[in-house]
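Coordinates in review
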Amino acid sequence: AGLVTLLVWLPVLESGFVWDDFGVVLGKRSVQELDWVAMARLGLWEDVAAFSGSTPYYRPLVALSFGLDHALTGGAAWFAHAHSLAWNLTNVGLVAWLLRKSGGVVAVGVASLVGLHPSLVEATAFAAARNDLMVTTFSLLALIAAQRKMWFTVALCALLAMASKETGIILP
């Protein structure tokens, strides 16, 4: 499932930035200056020069991930896409892990569907939408931890999911 997902999504590494990538990835002052405290403290759009006003999107883990991209490669588009693809591949692996007792065909089939579903085009090919992949990763990790009754880990994963996107609030 992971290999098929990787092969299908590999061309995204040749893509540039699009839409909101220009604001929250390239235009976010705290990301460009590697101000880690501001990335963690400010809303996603709050220090974007082309944006004025407030934003309801407090996604510090996503902003920090953009900072990591910038720190490692100076904000190269291929790396931002590779980073998002890594989150997608992680989700494929986690779904396969969750479904492993259902049999190999079911686990691989569902995991492939998760990795290749058209609804993930935006999240995988559009760096600014990485939040969807990140909240999914931490939600799946919380489910795995809950199966093992690892409640501290469930709480930690729930917090990380909420720091990625507001929908992480649905976790126990």
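About the thresholds
- Starting afresh in each chain, residues are numbered from 1 along the sequence in its written order.
- The predicted origin of the model limits local features to residues at a pLDDT of at least 70 and limits the giving and counting of side-chain atom pairs to 80 or more, whereas totals for whole chains, interfaces and linings rest on all residues.
- Hydrogens are left out, water is left out, and the side-chain values use all remaining heavy atoms of the structure.
- The way it works is that DSSP assigns letters per residue, a run of H or I at least four long becomes a helix, a run of E at least two long becomes a strand, and they are numbered from the N terminus.
- Two residues form a contact once any of their heavy atoms are found within 4.5 Å.
- Any residue with an atom within 4 Å of a point lines the site, the site being either a cavity, points on a 1 Å grid over the protein atoms alone where a 1.4 Å probe fits but cannot get out, or a pocket, an open set with protein on both sides within 12 Å along at least 5 of 7 lines.
- Grid points are joined across faces, edges and corners, and a volume is the space filled by probe spheres set on the points.
- Only protein chains enter the accessibility calculation, which uses a 1.4 Å probe; a residue is then buried when its area is under 20% of its type maximum, exposed when over 50%, and partly exposed in between.
- Nonpolar cores were defined as sets of buried Ala, Val, Leu, Ile, Met, Phe, Trp, Tyr and Cys residues, with membership established by side-chain atoms within 4.5 Å.
- Confidence per residue, as judged by the predictor, is encoded in pLDDT with a range of 0 to 100.
- Note on definitions: salt bridges are taken to be side-chain nitrogens of Lys or Arg within 4 Å of carboxyl oxygens of Asp or Glu.
- Axes here refer to lines fitted to C-alpha atoms; in helices the fit is confined to the stretch in contact. Angles between the N-to-C directions go from 0 to 180 degrees.
- Orientation is classified from the angle alone, with under 35 degrees giving roughly parallel, over 145 giving roughly antiparallel, 65 to 115 giving roughly perpendicular, and any other angle giving oblique.
- In this scheme the crossing of two helices becomes right-handed for a clockwise turn of the near helix relative to the far one and left-handed for an anticlockwise turn of less than a right angle.
- Think of it as three bins: nonpolar holds Ala, Val, Leu, Ile, Met, Phe, Trp, Tyr, Cys and Pro, charged holds Asp, Glu, Lys and Arg, and polar takes everything else, Gly as well.
- The span one expects for a helix is its residue count, reduced by one, times 1.5 Å.

Turning next to the environment of Ser 84. As for its placement among the helices and strands, Ser 84 is situated in helix α6 (residues 77-98). In sequence terms Ser 84 and Leu 13 are 71 residues apart; their C-alpha atoms lie 10.0 Å from each other. For Ser 84, the residues in contact, after removing those within four places along its chain, are Ala 123, Thr 124, Ala 127, Arg 130 and Leu 133.

This next bit is on empty space enclosed by the protein. Tallied over the full model, the rule gives one cavity of 30 Å³ or more. Taken as a whole, the largest cavity holds about 30 Å³ of empty space. Going through the elements one at a time, α2 (21-26), α3 (29-32) and α5 (60-73) are the ones with two or more residues in the lining of the largest cavity. The element that contributes the greatest number of residues to the lining of the largest cavity is α5, accounting for three residues.

We now examine unusual backbone geometry. The residue Trp 19 is not glycine, and still its phi comes out positive at about 40°. With respect to the helices and strands, the residue Trp 19 is situated in the loop between α1 (2-9) and α2. At Lys 149, a residue that is not glycine, the phi angle is positive and equals roughly 60°. Looking at the element boundaries, Lys 149 is found in the loop between α9 (130-147) and α10 (151-164).

With that out of the way, let us pick up the side chain of Asp 69. Relative to the helices and strands, Asp 69 is located in helix α5. For Asp 69, a relative accessible area of 2% translates into the label buried.

Here we take up the nonpolar core. Counting 29 residues, the largest nonpolar core has Phe 17, Val 24, Val 25, Leu 44 and Phe 66 as the members making the most contacts within it. No other element matches α9, which puts five residues into this core. Other than its neighbours up to four places away in sequence, Val 25 contacts Phe 17, Asp 20, Val 31, Gln 32, Phe 66, Ala 127 and Ala 128.

A few words now on the confidence of the model for the protein. A residue-level look at the protein finds 94% of positions with pLDDT of 70 or above and a mean pLDDT of 84. Within the protein, no element has a lower average pLDDT than α1, which sits at 74, and none a higher one than α10, at 94.

Attention now moves to the pattern of salt bridges. For the structure shown, the criterion picks out three salt bridges. Lys 165 is the salt-bridge partner of Asp 132, the closest N and O atoms lying 2.4 Å from each other. Linking Asp 132 in helix α9 with Lys 165 in the segment after α10, this pair joins segments that are 33 residues apart in sequence. Under the relative-accessibility criterion, Asp 132 is labelled partly exposed at 25%. Here Lys 165 falls in the buried class, since its relative accessible area comes to 18%.

Angle between the axes and distance between the axes: these two values describe a pair of packed helices. Where α5 contacts α6, the axes come no closer than 10 Å and their chain directions differ by 135°. Here α5 lies oblique to α6, going by the angle between them. Crossing handedness for the pair α5 and α6: right-handed. Contact residues: α5 offers Ser 65, Leu 68, Asp 69, Leu 72 and Thr 73, while α6 offers Trp 78, Phe 79, Ala 80 and His 83. Looking at the contact of α5 with α6, its residues break down into five nonpolar, three polar and one charged.

Right, let's talk about α10 for a bit. Between the first and last C-alpha of α10 there are 20 Å, a value that for 14 residues agrees with the 20 Å anticipated at 1.5 Å per step. By the burial criterion, the buried members of α10 are Val 154, Cys 157, Ala 158, Ala 161, Ala 163 and Ser 164. Taken together, the buried residues of α10 touch α5 and α9.

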